[in-house]
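In case you want the letters, here they are:
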Amino acid sequence: MSQRLRVGMVGYKFMGKAHSNAYRSLPMFFPSAPLQPEMAVICGRNEKGVQEAANQFGWSESVTDWRELVQRDDIDLIDINAPSDAHKEIALEAARQGKHLFCEKPLALSLADSREMLQAAEDAGVAHMVGFNYRFSPAVQLAKELVQSGRLGKIYHFRAFFLQDWIMDPSFPLVWRLQKEVAGSGSHGDLGAHLIDLARFLVGEFQEVIGMSETFIKERPLASEMTGLSAKGSSNADAPKGEVTVDDATLFLARFAGGALGSFEATRFAAGHRSTNSFEINGSLGSVRFDFERMNELEVYFTKDEEDVQGFRRVLATDPAHKYAEAWWPAGHTIGFEHTFTHEMLELVTAISAGRQPSPSFHDGVACQAVLEAVERSVTERRWVSLDEM
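Just so you know, these numbers come straight off a predicted model, no measurement behind them. (Residues numbered from 1 in each chain as written. Predicted model: local features only at pLDDT ≥ 70, side-chain atom pairs only at ≥ 80, totals over all residues. Heavy atoms only, no water.)

**Describing the packing of aromatic side chains**
Stated precisely, the cut-off is as follows: Side-chain rings of Phe, Tyr and Trp, where Trp is taken by its six-membered ring, are said to pair if the distance between their centres is within 6.5 Å; with planes under 30 degrees apart they count as stacked, over 60 as edge-to-face, and otherwise as tilted. Buried, partly exposed and exposed residues are distinguished by accessible area as a fraction of the type maximum, computed with a 1.4 Å probe on protein chains only: under 20%, between the cut-offs, and over 50%, respectively. Working rule: Lys NZ or Arg CZ, within 6 Å of ring centre, within 35 degrees of ring normal, means a charge sits over the ring.
Enumeration over the complete set of coordinates arrives at 25 aromatic pairs. Judged by centre distance (6.5 Å) and plane angle (50°), the ring pair of tryptophan 328 and tryptophan 329 falls under tilted. The class of tryptophan 329 is partly exposed, set by a relative accessible area of 41%. The aromatic ring of phenylalanine 201 is capped on one face by lysine 144, whose charged end is 4.8 Å from the ring centroid. Of note, arginine 255 hangs over the ring of tryptophan 384, and the distance from its end group to the ring centre comes to 6.0 Å.

Quick look at the structure:
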């Protein structure tokens, strides 16, 4: 019988629901996982809200003080999915208390803070993982295998974009994701971080970057209520407003250490795009294309195909040959966004049981933060910035 991993989670909204679902699904679909999560305690600042979340999601207990939570002897893992400005303080104290760590991205508000979190986790000798869930799509795992095995040859290009449109309305309230002191950055850190991690996972390390960014709407009505990516505020033209202190869109170019070129776009102002997370990789022997809105598919092209049948083929990554797929449904029966988190938690518990670090770890969170800040420096100084500078 698998041993239990007692989880204390800080945060209970968008990511809190996603993580809770993953913990509940893991024993059903991956019964042989070496550790099975026990949803022990959920934590949030609003007593009524966190208690309702505990009842809805299936947590045994709810508390409102994360300091109390991380000091408890009956907790093995602290899952941090609170707003970004809370990540560092919680992680540092949890590490001091000897707890394993799972933290949503971006790891911290700054590269310096992320390095401090990594050092604390390493000093404590605990497992540490950062939440880049898109790595765990079977189709992305297939793309990784095609690159790593050499079937795409020498990689020349990685191009990616993450497009949303949920804040295009100027009357949409000033939510925490639009405040630098809470979120760190806007579309760049929220959406671009995922693209950066996918690029590192699939192609390798960044060498240098050059970018530009824009904030299209400088002020917004103050929010009276926030839930996930939705919010309420006054539509009155005279309602008090606050300054938007993050980017609405950031674009940048990159050179990779392996010689490939990259282009990246992250925006919340792409009308018609609810959440288009897409990349294409071009190599000397072939290419792959992926779009998370069709997350079960990977488009694959090989130059060695006969000329009369050359072209991108649609591979449905739901067969047992594809990573994670065998645990779910018969071939052709697709999976969704929530399943990537279950795969993420499988990696976490497997790594803890084996005494190794999960992948992606805080090392990957720090590396991503370095690229984010290199782009920000490039935007400010209007020049190419080498990752060696960071």
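So much for the structure itself; the text now carries on.
**Notes on helix H9 (residues 337-354)**
Applicable threshold: In DSSP terms, a helix is any run of H or I states spanning at least four residues, a strand is any run of E spanning at least two, and both are numbered starting from the N terminus. One less than the residue count of a helix, multiplied by 1.5 Å, gives the span that helix is expected to have.
Taking 1.5 Å per residue as the helical rise, H9 with its 18 residues ought to reach 26 Å, and the 27 Å between its terminal C-alpha atoms agrees with that figure. In terms of burial, H9 is largely enclosed, as 13 of its 18 residues are buried. One or two residues past the end of H9 sits glycine 355, with phi positive at roughly 75°.

**Some remarks on the pattern of salt bridges**
Heads up, the condition is: By definition here, a salt bridge exists when the distance from a side-chain nitrogen of Lys or Arg to a carboxyl oxygen of Asp or Glu is within 4 Å.
Within this structure, the stated rule accounts for 28 salt bridges. One salt bridge connects lysine 48 with glutamate 52, and the closest N-O pair in it is separated by 2.6 Å. Residue lysine 48 and its partner glutamate 52 are both found in helix H2 (residues 47-57); the two are separated by four residues, about one turn of the helix. A residue is classified by how much of its surface remains accessible, and lysine 48, at 59% relative accessible area, is exposed. Lysine 218 is paired through a salt bridge with glutamate 214; the nearest N and O atoms lie 3.2 Å apart. Under the relative-accessibility criterion, lysine 218 is labelled partly exposed at 48%. We classify glutamate 214 as partly exposed; its relative accessible area is 36%. One network of salt bridges, in which partners are shared, links Arg135, Asp197, Arg200, Glu205 and Asp364.

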